[in-house]
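Fold and geometry: a report
What follows is each chain in one-letter form.
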Amino acid sequence: MDELAAVPVSQAPTQSRTSDVIIEATGVTKSFGDFQALSGVTMSVRQGEVVVILGPSGSGKSTFVRTLNRLEPHDGGRIVIDGIALTHDVKDIEAVRREVGMVFQQFNLFPHLTVLENITLAPIHVRRWPRDKAEQVARDLLDQVHIPEQADKYPGQLSGGQQQRVAIARALAMQPKIMLFDEPTSALDPEMIKEVLEVMQDLAQTGMTMIVVTHEVGFARAVADRVVLFDEGTIVEEAPPEIFFTAPKHERTKRFLAQIL
Amino acid sequence: MSGLTRAVEGWREEWATMRHQARLRGPVWIAWQVALSVAALGLIGLVVYGLGAWAFGAADWTVVAANLRLFSVGRYPADEIWRPATVLALVTAMSGWEAGRTGRAALARFFGGGLAVLLALPFLAPLVSGASPSMAAAFAAFAGGHIAQLAALGALAAAWWIGARASAWASTNRPRARRLERASLVGYGLVVLAILILLRGGGGLERVSPSDWGGLLLTLLLAAFAIVLSFPIGVLLALGRRSSLPLVRWVSVAWIEVIRGVPLVTVLYMASLLLPLVLPEGWNPENVAKAVAGLTAFASAYVAEDVRGGLAAVANGQYDAAKAVGLGTVGMYRLVVLPQAIRAAVPAIAGQFISLFKDTALVLIISLRELLGIAIVAANQPAHIGRFRETLAFIAIIYFAFTAVLSSASRRLEAPAHERERDDAPAPSPKG
Ligand SMILES: Nc1ncnc2c1ncn2[C@@H]1O[C@H](COP(=O)(O)OP(=O)(O)OP(=O)(O)O)[C@@H](O)[C@H]1O
Ligand SMILES: [Mg+2]
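Residues numbered from 1 in each chain as written. Chains lettered and ligands numbered in written order. Predicted model: local features only at pLDDT ≥ 70, side-chain atom pairs only at ≥ 80, totals over all residues. Heavy atoms only, no water.

This paragraph deals with the overall build of chain B. Looking only at helices and strands, one finds 15 helices and one strand in chain B. In chain B, buried positions account for 40% of the 432 residues. By sequence separation, contacts in chain B at least 24 residues apart represent 74% of the contacts at least 6 residues apart. For chain B, the accessible surface area stands at approximately 23,000 Å², while carbon and sulfur atoms represent 69% of it. (Helix = DSSP H or I, 4+ residues; strand = E, 2+ residues; numbered from the N terminus. Buried < 20%, exposed > 50% of the residue type's maximum accessible area, 1.4 Å probe, protein only. Contact = heavy atoms within 4.5 Å. Areas by Shrake-Rupley, 256 points an atom, 1.4 Å probe, with all protein chains shown as cover.)

Before going further, it helps to examine the pairing of strand 7 (residues 178-182) of chain A. Residues and elements named next belong to chain A. The buried count for strand 7 comes to five of five residues, which makes it a mostly enclosed element. Burial along strand 7 is two-sided: the residues Ile-178, Leu-180 and Asp-182 and Met-179 and Phe-181 are all buried. Inspection of the sheet shows strand 6 (residues 100-103) paired to strand 7 by four bridges, in the parallel sense. Opposite Met-102, over in strand 7, you have Leu-180 as the bridge partner. The pairing of strand 7 with strand 8 (residues 209-213) spans five bridges and is classified as parallel. Within the sheet, the bridge partner assigned to Ile-178 lies in strand 8 and is Thr-209. (Pairing = 2+ DSSP bridges.)

Bringing empty space enclosed by the protein into the picture now. Summed over the entire model, instances satisfying the criterion amount to two cavities of 30 Å³ or more. There is about 60 Å³ of room inside the largest cavity. Around the largest cavity, the lining residues are Arg97(A), Arg98(A), Val100(A), Gly101(A), Met102(A), Phe104(A), Arg170(A), Ala171(A), Met174(A), Ala321(B), Ala324(B) and Val325(B). Of all the secondary structure elements, the ones that give two or more residues to the lining of the largest cavity are helix 4 (90-99), strand 6 and helix 7 (160-172) of chain A together with helix 12 (316-324) of chain B. The leading source of residues in the lining of the largest cavity is strand 6 of chain A, at three residues. By residue class, the composition of the lining of the largest cavity is eight nonpolar, one polar and three charged. Reported here for the second largest cavity is a volume of approximately 50 Å³. Around the second largest cavity, the lining residues are Gln144(A), Ile168(A), Leu172(A), Val199(A), Asp202(A) and Leu203(A). Elements with a contribution of two residues or more to the lining of the second largest cavity: helix 7 and helix 8 (190-205) of chain A. (1 Å grid on protein atoms, 1.4 Å probe; cavity = no way out; pocket = protein on both sides within 12 Å on 5 of 7 lines; lining within 4 Å. Points joined across faces, edges and corners; volume = space filled by probe spheres on them. Nonpolar A, V, L, I, M, F, W, Y, C, P; charged D, E, K, R; others polar.)

Attention now moves to the packing of aromatic side chains. The geometry of an aromatic ring pair is captured by two quantities: the separation of the ring centres and the angle between the planes. Here the structure, examined in full by the defined rule, presents seven aromatic pairs over all chains. Considering the side-chain rings of Phe64(A) and Phe230(A), the 5.5 Å spacing of their centres and the 40 degrees angle between planes classify their relative orientation as tilted. On the criterion of sequence distance, the pair formed by Phe64(A) in helix 3 (residues 61-68) and Phe230(A) in strand 9 (residues 226-231) is long-range, its members being 166 residues apart. Judged by centre distance (5.0 Å) and plane angle (50 degrees), the ring pair of Phe298(B) and Tyr302(B) falls under tilted. Placement of the pair is Phe298(B) and Tyr302(B) together in helix 11 (residues 287-312), with a separation of four residues, close to one helical turn. Given a relative accessible area of 12%, Phe298(B) falls into the buried group. Cluster of aromatic residues (ring-pair linked, three or more members): Phe357(B), Tyr399(B) and Phe402(B). (Phe/Tyr/Trp six-rings, centres within 6.5 Å; stacked < 30°, edge-to-face > 60°.)

Counted under the stated rule, the structure contains 18 salt bridges over all chains. Among the ionic pairs, Glu49(A) bridges to Arg46(A), the shortest N-O distance being 3.8 Å. On the accessibility criterion, Glu49(A) (5% relative accessible area) is buried. You can call Arg46(A) partly exposed: its relative accessible area is 35%. Put simply, Glu305(B) and Arg241(B) hold a salt bridge, and the shortest N to O gap is 2.8 Å. Of this pair, Glu305(B) sits in helix 11 while Arg241(B) sits in helix 8 (residues 215-241); the two residues are 64 residues apart in sequence, bridging distant segments of the chain. Residues Glu305(B) and Arg241(B) agree in their burial class; the two are buried. Three or more residues are tied together by salt bridges with common partners; here these are Arg241(B), Glu257(B), Arg260(B), Glu305(B) and Arg308(B). (Salt bridge = Lys/Arg side-chain N within 4 Å of Asp/Glu carboxyl O.)

It is worth spelling out the environment of Leu196(B) at this point. Residues and elements named next belong to chain B. Structurally, the position occupied by Leu-196 is in helix 7 (residues 174-200). On the basis of relative accessibility, which here comes to 31%, the residue Leu-196 falls in the partly exposed class. Through-space distance from the C-alpha of Leu-196 to that of Ala-39 is 54 Å; in sequence the pair is 157 residues apart. Ignoring sequence-local partners within four residues, the contact set of Leu-196 consists of Gly-201 and Phe-225.

All names here are of chain A. As a matter of local geometry, ligand 1 sits amid Phe-32, Phe-35, Ala-37, Pro-56, Ser-57, Gly-58, Ser-59, Gly-60, Lys-61, Ser-62, Thr-63 and Glu-183. Between ligand 1 and the protein, one listed contact pairs an oxygen atom with a side-chain N or O atom of Ser-57 at 2.6 Å. Contacts to ligand 1 include Ser-59, whose backbone N or O atom sits 3.2 Å from an oxygen atom. Within the residue set of the shell around ligand 1, elements represented by two or more residues are strand 2 (35-46) and helix 3. Ranked by residues supplied to the shell around ligand 1, first place goes to helix 3 with three residues. (Near = heavy atom within 4 Å. Polar contact = N/O pair within 3.5 Å; in protein donor to acceptor, adjacent residues only side chain to side chain.)

On to the sheet that holds strand 10 (residues 234-239) of chain A. Residues and elements named next belong to chain A. If you walk across this open sheet you meet the six strands as 6-7-8-3-9-10, and the pairing is mixed. A single partner strand is all that each edge strand has here, and the edge strands are strand 6 and strand 10. The mean inter-strand angle of the sheet, taken between neighbouring strand axes irrespective of direction, is 20 degrees. Sitting on the sheet, helix 8 touches strand 3 (50-54), strand 7 and strand 8, and the angle it makes with strand 8 is about 150 degrees. (Axes fitted to C-alpha atoms, helices over the stretch in contact; angles between N-to-C directions.)

In this section: the interface of chain B and chain A. It is common to give the size of an interface as the accessible area that goes away when the parts come together. Taken together, the contacts link 28 residues of chain B with 33 residues of chain A. Here chain B and chain A share one salt bridge between them. For the salt bridge of Asp320(B) with Arg66(A), the shortest nitrogen-to-oxygen distance reads 2.9 Å. Joining chain B to chain A, the criterion identifies five residue pairs in polar contact (both at pLDDT 80 or more). Those elements that place two or more of their residues in the side of chain B that touches chain A are helix 7, helix 12, helix 13 (329-359) and helix 15 (388-424) of chain B. Top contributing element to the side of chain B that touches chain A by residue count: helix 12 of chain B, with seven residues.

The next subject is helix 9 (residues 246-260) of chain B. Residues and elements named next belong to chain B. Between its first and last C-alpha, helix 9 extends 21 Å over 15 residues, near the 21 Å set by a 1.5 Å rise per residue. Inspection of helix 9 places Ser-252, Ile-256 and Ile-259 among the buried residues, and these make up the whole buried set. One side of helix 9 carries all its buried residues, which in axial view fall inside an arc of 80 degrees. Across from the buried face of helix 9, at angles greater than 90 degrees, the exposed residues are Pro-246, Leu-247, Trp-250 and Val-258. Packed against the buried residues of helix 9 are helix 8 and helix 11. (Expected span 1.5 Å × (residues − 1). Arc of directions from axis to C-beta.)

Treat this as a map of the structure, not an account of what it does.
Set out below in structure tokens:
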């Protein structure tokens with residue numbers, strides 16, 4: 001039981017905010033046909049850090065986050081995740097994806113599987129855990145996202161906020177070192193945004209390395225170690241939240257903040 | 001019972017709508033409706049009366065009564081008839097077991113319903129032809145067949161009950177459930193093997209050449225094998241069509257498009273004539289095997305197109321999510337994409353298989369004698385020469401009985417697919 005209780009979050013590094021770099025992106029470029037979605041993005045993230053990405057629609061936020069687990073292959077530059085460089089090498093890609101969890105705007109739960117099956121699928125088939133262990137971990141995670149009673153329902157029977165929390169549990173079940181969030185609350189009704197953000201805040205407190213694309217300024221202020229502004233495929237400004245929101249250096253950031261605040 | 005209540009409910013509603021309409025639209029409309037109804041009823045009456053007058057009057061059903069064995073098993077030796085009878089019982093037991101164990105009762109309904117109609121038919125025979133002496137004799141001969149059918153129905157019911165028990169026994173215990181599942185799969189494999197051995201003979205049993213198999217036995221065999229084989233091939237073709245390897249993609253597309261562009265008759269001819277050429281020297285398969293190959297090749301192309309439609313219905317986000325949790329391409333398709341795609345394709349595939357069941361009649365052209373072949377043979381016997389109407393009407397009833405049950409069973413399959421589709425939609429707002 002003791003070993004089973006060791007759910008992913010409690011296994012994450014206890015002394016957070018260490019200085020080891022776990023994500024290293026250098027000059028990343030990406031084009032869709034003639035359109036350049038990323039034109040040289042350089043970002044490095046230390047273990048345990050929470051980075052919030054802001055930026056106008058179409059600025060390349062999703063594209064960048066998706067290159068980090070190679071849902072989009074990048075054209076140029078270099079991405080190293082936990083010491084593994086992302087190339088065409090399928091083995092490396094799968095190794096990185098085992099270490100990186102992702103939460104999507106549209107939840108993308110597997111509609112033909114129950115909540116419990118959604119969460120245990122990858123641990124059983126990728127990590128090769130015995131079913132009992134996978135289910136135990138899944139139930140602990142459902143506790144952690146405050147919906148232990150929904151284990152046997154299908155995603156279509158849950159509210160949006162519940163679905164997104166299942167999606168977070170599903171990503172955590174693989175015991176990732178890094179969590180990517182692409183606008184996790186943008187498809188939610190206002191009253192459900194809070195429950196999802198709370199779960200994410202709890203997660204940040206356990207020392208998880210997180211990259212969060214969001215428009216939730218409150219969350220950025222409270223949780224982020226660093227806020228990054230994307231525009232036209234590059235990083236315009238990068239600063240701790242206290243400075244970013246009160247004393248931005250760049251004109252572009254000021255204009256952006258004027259729009260959203 | 002609930003079906004009946006629903007039907008009554010439907011009629012009531014229709015009647016209410018009609019009265020409402022009548023009040024709204026006035027007497028001219030009513031007169032018009034009445035005239036139309038009378039005309040339609042008259043037409044139906046004419047057809048029914050004509051058919052009935054023929055069936056109970058001019059028709060001579062002895063051609064059917066005298067050839068019931070031909071219709072059910074073809075030229076299978078009379079002494080060995082217990083073998084197809086056992087096969088029938090094995091198959092119905094298998095479908096019953098599956099129905100009881102998993103609640104998926106489509107196959108059991110198919111066999112149960114088909115058999116029930118077959119059982120009922122001979123009781124109509126004396127009614128139709130009066131109690132002529134020849135009928136009495138035919139009826140006596142039929143009793144044997146009846147025993148086999150009753151045994152098969154009994155096997156179905158018993159296996160259904162046992163299957164339900166077994167599933168209840170395993171429901172609280174996961175390892176038990178998995179063992180039951182595995183044992184069932186192995187069991188199905190063994191049953192299929194046993195069926196082939198029983199039918200062909202060998203190993204102590206007298207050999208019966210597959211070219212002597214015929215009638216309903218052959219129809220069901222051809223359909224069953226073609227369906228079971230074409231499904232996985234069709235799925236693979238659909239996947240091959242979107243493969244990143246050009247050769248695989250090209251071969252899949254060529255297969256699908258060529259087959260879909262050619263009539264089934266041609267495919268069957270090609271299977272019959274070309275197969276011996278491409279196979280190793282001296283390896284000339286039975287006509288039955290060639291027919292299965294042709295039907296399978298044909299159906300697989302259509303299944304592939306249906307599955308392609310199902311694949312298109314799977315949202316892109318599903319691929320993203322599958323990759324993001326670390327599944328490789330194989331796992332992504334096996335665990336996430338295909339289950340959804342196939343579920344979405346089930347209605348189309350079920351329709352395909354109903355067509356396939358009827359299309360087996362075309363193996364006539366490579367001199368196999370399934371139901372249609374027997375209908376022609378029987379009507380060419382000196383004693384019954386020219387009785388095509390009777391034999392064709394008889395097999396029409398049999399085809400209809402089986403396809404009717406097949407399509408009602410497939411409607412039951414469709415229901416959960418629709419439910420799932422609703423689940424699939426992203427839920428930006430709360431659902432309760
Ligand atoms: N698969 C694709 N094919 C073609 N163009 C794409 C594709 N994905 C993204 N783009 C384009 O790349 C640009 C950046 O898209 P991206 O989704 O990264 O923006 P974003 O910052 O996430 O915007 P939003 O806030 O709307 O989500 C957009 O102009 C988009 O149209
Ligand atoms: Mg985006």
